[in-house]
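# Coordinate inspection notes
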Amino acid sequence: MTLSPLKARDLQTPARCYSVASTETVQGGRLKTRTLTGTIWGDFQPDTPAFVTGTDGRGYVVQTATFIVRTRAGMAPKDELHLKGADWIIRSIDEGADQNFRLRIERTV
């Protein structure tokens, strides 16, 4: 897929970027630590939310979106973005032919 070149007017949505580390606790649980790595601006393109049934049989509303940016700035899948008042998990990062990056992000509503 070829992305169109981003122009400054397309970069209207700021997102705070967090790296995420998960460590095991002595009780056998997991502790998630978020570290702010910076702020990035991009073009936010949300998808229509979808109802999904989890493995536990409960229903969830999941929202996915595409966030197109000029640099990945050290971001990796499973890191998080805080944008539009919500926390989003980065599911994948693809580089386009025009050197822009397409982040597929997801959140549970």
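Residues numbered from 1 in each chain as written. Predicted model: local features only at pLDDT ≥ 70, side-chain atom pairs only at ≥ 80, totals over all residues. Heavy atoms only, no water.

Now for the overall build of the protein chain. Assigned secondary structure in the protein chain consists of zero helices and seven strands. The order of α-helices and β-strands along the protein chain, N terminus first, is β-β-β-β-β-β-β. Viewed in the frame of its principal axes, the protein chain has a C-alpha envelope of about 50 × 30 × 25 Å. Looking at the protein chain residue by residue over its 109 residues, the buried ones come to 30%. Contacts in the protein chain between residues far apart in sequence, at least 24 positions, make up 51% of those at least 6 positions apart. Carbon and sulfur atoms make up 51% of the accessible area of the protein chain, which totals about 6900 Å². Here the protein chain carries 15 positive and 12 negative side-chain charges, and the mean point of each set is 3 Å from the other. (Helix = DSSP H or I, 4+ residues; strand = E, 2+ residues; numbered from the N terminus. Buried < 20%, exposed > 50% of the residue type's maximum accessible area, 1.4 Å probe, protein only. Contact = heavy atoms within 4.5 Å. Areas by Shrake-Rupley, 256 points an atom, 1.4 Å probe, with all protein chains shown as cover. Lys, Arg positive; Asp, Glu negative; His and termini not counted. Charge placed at Lys NZ, Arg CZ, Asp CG, Glu CD.)

Our next topic: the pattern of salt bridges. Using the criterion set out here, one finds eight salt bridges in the structure. Between Lys32 and Glu80 there is a salt bridge, and its shortest N-O distance comes to 2.8 Å. You can see Lys32 sitting in strand β2 (residues 30–46) and its partner Glu80 sitting in strand β5 (residues 80–83), a full 48 residues away along the chain. Exposure remark for Glu80: the relative accessible area of 6% places this residue in the buried category. Between Arg34 and Asp87 there is a salt bridge; the shortest N-O distance is 3.5 Å. You can see Arg34 sitting in strand β2 and its partner Asp87 sitting in strand β6 (residues 86–95), a full 53 residues away along the chain. The partly exposed category is assigned to Asp87, whose relative accessible area is 40%. Three or more residues are tied together by salt bridges with common partners; here these are Lys32, Arg34, Glu80 and Asp87. (Salt bridge = Lys/Arg side-chain N within 4 Å of Asp/Glu carboxyl O.)

The subject of this paragraph is the pairing of strand β4 (residues 59–69). As paired elements, β2 and β4 share four bridges and run antiparallel to each other. Counted as the bridge partner of Pro46 is Ala65 from β4. In the sheet, strand β3 (residues 50–53) pairs with β4 via four bridges, with the strands oriented antiparallel. Bridging from a neighbouring strand, Phe51 pairs with Val61 of β4. As consecutive antiparallel partners, β3 and β4 are separated by five residues, and within that stretch Gly57 has a phi angle of approximately 85°, a positive value. As judged from the eight bridges shared by β4 and strand β7 (residues 101–108), these two strands associate in the antiparallel manner. Of the residues in β7, the one forming a bridge with Thr66 is Arg104. (Pairing = 2+ DSSP bridges.)

By the secondary structure assignment, Arg30 is in strand β2. Excluding its chain neighbours within four sequence positions, the residues that come into contact with Arg30 are Ser22, Thr23, Glu24 and Thr25. For Arg30, the side chain forms a polar contact with the side chain of Ser22, separated by 3.2 Å. (Polar contact = N/O pair within 3.5 Å; in protein donor to acceptor, adjacent residues only side chain to side chain.)

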